[in-house]
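Next come the chains, spelled out residue by residue.
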Amino acid sequence: MDMTKVQPRSGKHNVEDLDVLREGFDWEEMKKDFSWYKTGKVNAAYEAIDRHAENPNKKDQVALLYSAPDREESITFDQLSKQSNKTANIFKKYGIQKGDRVFLFMPRSPEFYANFFGILKVGAIAGPLFEAFMEQAVRDRLEDSEATMLITTPELLSRVPVSDLPNLKQIVLVGANGDTEGDNYINFEEEMAEASENFDIEWVDREDGMLIHYTSGSTGKPKGVYHVHNAMIQHYATGKWVIDFKDDDIYWCTADPGWVTGTSYGIFAPWLNGVTNVIRGGRFSPESWYETLDKHNVTIWYTAPTALRKFVSAGDEVVKQYDLSSLRHVMSVGEPLNPEVITWALRVLDLRIHDTWWMTETGAMLIVNLPSMEIRPGSMGRPIPGVEAAIVDNEGNELPPNQMGNLAIKKGWPSMMRAIWKNPGKFESYFINGWYVSGDSAYMDEDGYFWFQGRLDDVINTSGERVGPFEVESKLIEHKAVAEAGVIGKPDPERGEIIKAFITLNPGYESSDELLEDIRQFVKTGLSAHAAPREIEIKDSIPKTRSGKIMRRLLKSWELGLPTGDTSTLEE
Ligand code: 6R9
């Protein structure tokens with residue numbers, strides 16, 4: 001079998017030919033599918049939920065199919081519309097106004113989604129946080145966004161440094177069983193029991209804020225990537241073209257809403273297209289994920305290489321125990337998709353895996369493999385219509401095919417971030433000569449397929465999670481034994497990269513297994529599990545530039561036994 005090109009499967013796809021769709025394509029055409037195109041009244045929550053709830057043929061269709069080990073629930077568009085009207089009424093009652101930041105720090109559950117849309121319905125900006133975040137990670141994000149309200153659970157409340165957050169006025173507690181105390185706490189269930197199912201939605205401008213996702217760069221604290229309602233155009237369009245949604249699909253996106261994939265493609269794309277969306281609670285194991293696919297007859301699945309690699313390692317015997325015959329379309333995002341995984345899926349599932357490339361900052365898919373396209377394993381695919389991608393040099397000049405450089409996108413697609421929260425300088429720094437420069441290096445072949453080569457900065461991608469080395473280094477040096485720290489991503493066959501920390505010790509501390517484990521736990525409980533270094537190595541000194549910057553590139557070369565390159569800026 002020639003594995004360099006995999007041809008499309010038969011079947012009727014929403015887009016039969018990418019080149020034909022691209023010809024003369026105009027985003028204006030896509031706008032006609034939205035009700036605001038006719039009414040002039042905009043709110044993404046209305047387009048995703050209420051519009052279907054008002055449609056007699058659609059209102060009783062299951063919107064959210066929730067499946068967790070201890071809870072199963074089917075919620076229709078009509079019910080989700082009413083539940084989010086209720087939450088919107090609660091937010092309004094407690095003074096939340098248009099533009100306010102309301103953050104969510106809670107497990108994936110039906111209540112999460114009702115709250116999420118309630119936030120949008122009052123015109124406020126939603127900030128979803130990963131459930132796994134520990135105190136420092138929660139603090140950084142609430143501090144920077146100046147969120148005035150947080151929705152969380154009693155179990156997670158201990159990780160919220162309430163008294164240090166002067167802007168945080170109110171905390172909504174979900175599942176508190178009646179024992180909320182104090183004026184600043186709102187009991188979710190009590191309020192829901194009384195709230196009205198009717199709400200006059202706050203109409204907004206398409207350029208008004210909708211969402212902030214915090215993400216990591218190579219320097220500084222995590223930054224707030226700011227998205228506006230206008231992003232819905234691209235969520236909808238890519239849902240139609242790339243995810244190939246049909247009315248009766250049952251779709252499962254495995255991403256957590258704390259990550260951009262979990263909102264753009266776990267919330268907006270499916271519901272804007274009016275399909276049934278499976279949300280799974282609970283932990284990952286190959287068995288439990290296969291079971292979800294089987295039990296709910298999932299037809300379309302959007303997941304990540306790190307999970308797919310675990311499926312491959314779990315072996316073919318496991319998959320044979322499940323009936324996955326409903327599955328017709330699989331996609332992947334977040335890290336390079338190994339060609340071996342594609343080969344595995346062809347053999348075991350008899351399906352192609354379609355890679356997609358995009359970032360928190362881009363808000364939606366940009367480079368993709370459509371179901372009707374030839375796939376070249378190892379390539380991320382081609383740009384969607386209405387998007388111009390290129391490889392550019394450091395001055396923003398386009399490079400010819402097959403030459404490696406910065407993967408860049410011509411400014412101006414609908415779902416592009418509109419700001420970095422309170423950091424205009426950082427926002428500007430993404431753009432060179434009219435191009436959004438991604439920080440990924442890649443090349444384009446003669447046929448316009450893009451091939452990922454690596455990150456150009458020090459950002460680590462571990463199991464698909466973007467981790468900033470600076471955040472981890474900052475936490476490490478808070479440990480009493482650690483003097484200095486430099487953190488890198490070290491290649492790993494299953495996780496893509498693992499976090500490796502190089503540290504120096506303060507006087508009076510000796511290396512020991514206990515100490516290293518203590519330092520690891522310190523990061524894990526202070527920041528988050530996925531940010532904790534899997535390997536820690538003690539050094540006599542950490543290489544730095546004369547201006548004091550840690551030379552992570554040099555640490556990485558040492559680790560991998562590679563030539564160290566230009567070290568002229570090294571301190572000593
Ligand atoms: C959606 C999302 C973005 C970074 C991106 C790149 C890596 C994403 C990829 C991929 C290779 C793909 N990445 N998709 N690398 N092939 N198909 O992942 O957002 O968390 O912001 O990460 O992830 O390095 O720059 P985010």
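Note that the structure is predicted; figures quoted are calculated from it, not measured.

Here's the deal with the packing of helix 4 (residues 44-53) against helix 6 (residues 110-121)
Each pair of packed helices gets described by two things: the angle between the helix axes and the distance between those axes. Here helix 4 crosses helix 6 at 130 degrees, and the two axes come no closer than 9 Å. Here helix 4 lies oblique to helix 6, going by the angle between them. Handedness of the helix 4/helix 6 crossing: left-handed. From helix 4, Ala45, Ala48, Ile49 and Asp50 reach across to helix 6, where they touch Phe117, Leu120 and Lys121. Residue composition of the contact of helix 4 with helix 6, grouped by class: 5 nonpolar, no polar and 2 charged.

Things to note about the sheet that holds strand 26 (residues 496-505)
Taken in spatial order, the 3 strands of this open sheet run 25-26-27, and their pairing is mixed. Of all the strands in the sheet, the pair left with one neighbour each is strand 25 (482-492) and strand 27 (535-538). Ignoring strand direction, the axes of neighbouring strands in this sheet form an average angle of 25 degrees. Both strand 26 and strand 27 contribute to a ladder of 4 bridges, which runs parallel. Across the sheet, residue Phe502 finds its bridge partner in strand 27, namely Glu537. Together, strand 25, strand 26 and strand 27 form the strand contacts of helix 17 (residues 513-526), whose direction differs from that of strand 27 by roughly 125 degrees.

Considering unusual backbone geometry
Peptide bonds are mostly trans, and most non-glycine residues show a negative phi. Here the phi dihedral of Asp244 falls at roughly 65 degrees; this positive angle occurs in a residue that is not glycine. Topologically, Asp244 is positioned in the loop between helix 9 (232-241) and strand 10 (250-253). Relative accessible area serves as the criterion here: at 0%, Asp244 is assigned to the buried category. The backbone of Asn433 sits at a positive phi, close to 55 degrees, despite the residue not being glycine. Tracing the backbone shows Asn433 in the loop between strand 20 (431-432) and strand 21 (435-444). Under the relative-accessibility criterion, Asn433 is labelled exposed at 53%.

Regarding the site of the ligand
Near the ligand there are 19 residues, and of these Trp259, Asp355, Thr356, Thr360 and Arg466 occur at the shortest range. One nitrogen or oxygen atom from the side chain of Trp259 is found 2.7 Å from an oxygen atom belonging to the ligand. A distance of 2.7 Å is found between a nitrogen atom of the ligand and a backbone nitrogen or oxygen belonging to Thr356. Alone, the ligand offers 530 Å² of accessible surface; in the complex the protein occludes 98% of this. Those elements that place two or more of their residues in the shell around the ligand are helix 10 (260-272), strand 14 (353-357) and strand 22 (450-455). It is strand 14 that contributes the most residues to the shell around the ligand, 3 residues altogether. The class makeup of the residues in the shell around the ligand is 9 nonpolar, 5 polar and 5 charged.

Describing the confidence of the model for the chain
Averaged over the chain, the pLDDT score is 94; the fraction of residues at 70 or greater is 98%. Scoring of the predicted complex yields 0.92 for pTM and 1.00 for ipTM.

Observations concerning the nonpolar core
Judged by nonpolar contacts, the single largest core of 102 residues is most densely connected at Phe116, Phe117, Trp241, Tyr265, Phe268 and Trp271. Sort the elements by how many residues they give to this core and helix 10 lands first, with 7 residues. If we ignore the near neighbours within four places in the chain, the residues touching Trp241 are Val15, Leu21, Phe25, Trp27, Met30, Leu370, Pro371, Ile384 and Pro385. By size, the runner-up hydrophobic cluster in this structure holds 44 residues, among which are Phe103, Leu168, Val482 and Leu527.

Quick word on the packing of aromatic side chains
The final tally for this structure, using the stated rule, is 31 aromatic pairs. In textbook terms, an aromatic cluster arises when at least three aromatic residues are bridged by ring pairs, as seen for Trp252, Phe284, Trp289, Tyr290, Trp301, Phe311 and Tyr322. Over the ring of Phe133 we find Arg141; its NZ or CZ atom is 4.3 Å from the centre of that ring. The residue whose ring lies beneath Lys410 is Trp435, and the NZ or CZ to ring-centre distance is 4.6 Å.

Points about the sheet that holds strand 10
Ordered by their spatial adjacency, 9 strands build an open sheet running 2-1-11-10-12-13-14-15-16, and the pairing between neighbours is mixed. At either margin of the open sheet sits one strand with a lone partner, and together these are strand 2 (71-76) and strand 16 (382-383). Set on the sheet, helix 6 makes contact with strand 1 (62-68), strand 2 and strand 11 (276-280); between it and strand 2 the angle comes to about 35 degrees.

Side note on the layout of surface pockets
Put simply, the largest pocket is a space of about 1900 Å³. Arg108, Ala132, Gly282, Arg283 and Phe284 are, among the 50 residues lining the largest pocket, the residues nearest its centre. Put simply, the parts of the chain that give the lining of the largest pocket at least two residues each are strand 1, strand 12 (300-303), helix 12 (305-314), strand 26 and helix 17. Looking at the lining of the largest pocket, its residues break down into 20 nonpolar, 13 polar and 17 charged.

What about the pairing of strand 10?
In strand 10, alternate side chains face the same way, and those of Ile250 and Trp252 on one face and Tyr251 and Cys253 on the other are all buried. Relative to strand 11, strand 10 runs parallel, the two sharing 3 bridges. Of the residues in strand 11, the one forming a bridge with Tyr251 is Asn277. Handedness of the crossover joining strand 10 and strand 11 through helix 10: right-handed. With 3 bridges connecting them, strand 10 and strand 12 associate as parallel partners. Within the sheet, the bridge partner assigned to Cys253 lies in strand 12 and is Tyr302.

Basis of the calculations
- Residues numbered from 1 in each chain as written.
- Predicted model: local features only at pLDDT ≥ 70, side-chain atom pairs only at ≥ 80, totals over all residues.
- Heavy atoms only, no water.
- Axes fitted to C-alpha atoms, helices over the stretch in contact; angles between N-to-C directions.
- Helix = DSSP H or I, 4+ residues; strand = E, 2+ residues; numbered from the N terminus.
- Parallel < 35°, antiparallel > 145°, perpendicular 65-115°, else oblique.
- Left-handed = near helix turned anticlockwise from the far one by under 90°.
- Contact = heavy atoms within 4.5 Å.
- Nonpolar A, V, L, I, M, F, W, Y, C, P; charged D, E, K, R; others polar.
- Pairing = 2+ DSSP bridges.
- Buried < 20%, exposed > 50% of the residue type's maximum accessible area, 1.4 Å probe, protein only.
- Near = heavy atom within 4 Å.
- Polar contact = N/O pair within 3.5 Å; in protein donor to acceptor, adjacent residues only side chain to side chain.
- Areas by Shrake-Rupley, 256 points an atom, 1.4 Å probe, with all protein chains shown as cover.
- pLDDT = per-residue confidence, 0-100.
- Core = buried A, V, L, I, M, F, W, Y, C linked by side-chain atoms within 4.5 Å.
- Phe/Tyr/Trp six-rings, centres within 6.5 Å; stacked < 30°, edge-to-face > 60°.
- Lys NZ or Arg CZ within 6 Å of the ring centre and 35° of its normal.
- 1 Å grid on protein atoms, 1.4 Å probe; cavity = no way out; pocket = protein on both sides within 12 Å on 5 of 7 lines; lining within 4 Å.
- Points joined across faces, edges and corners; volume = space filled by probe spheres on them.
- Right-handed = clockwise from strand over helix to strand, strands pointing away.

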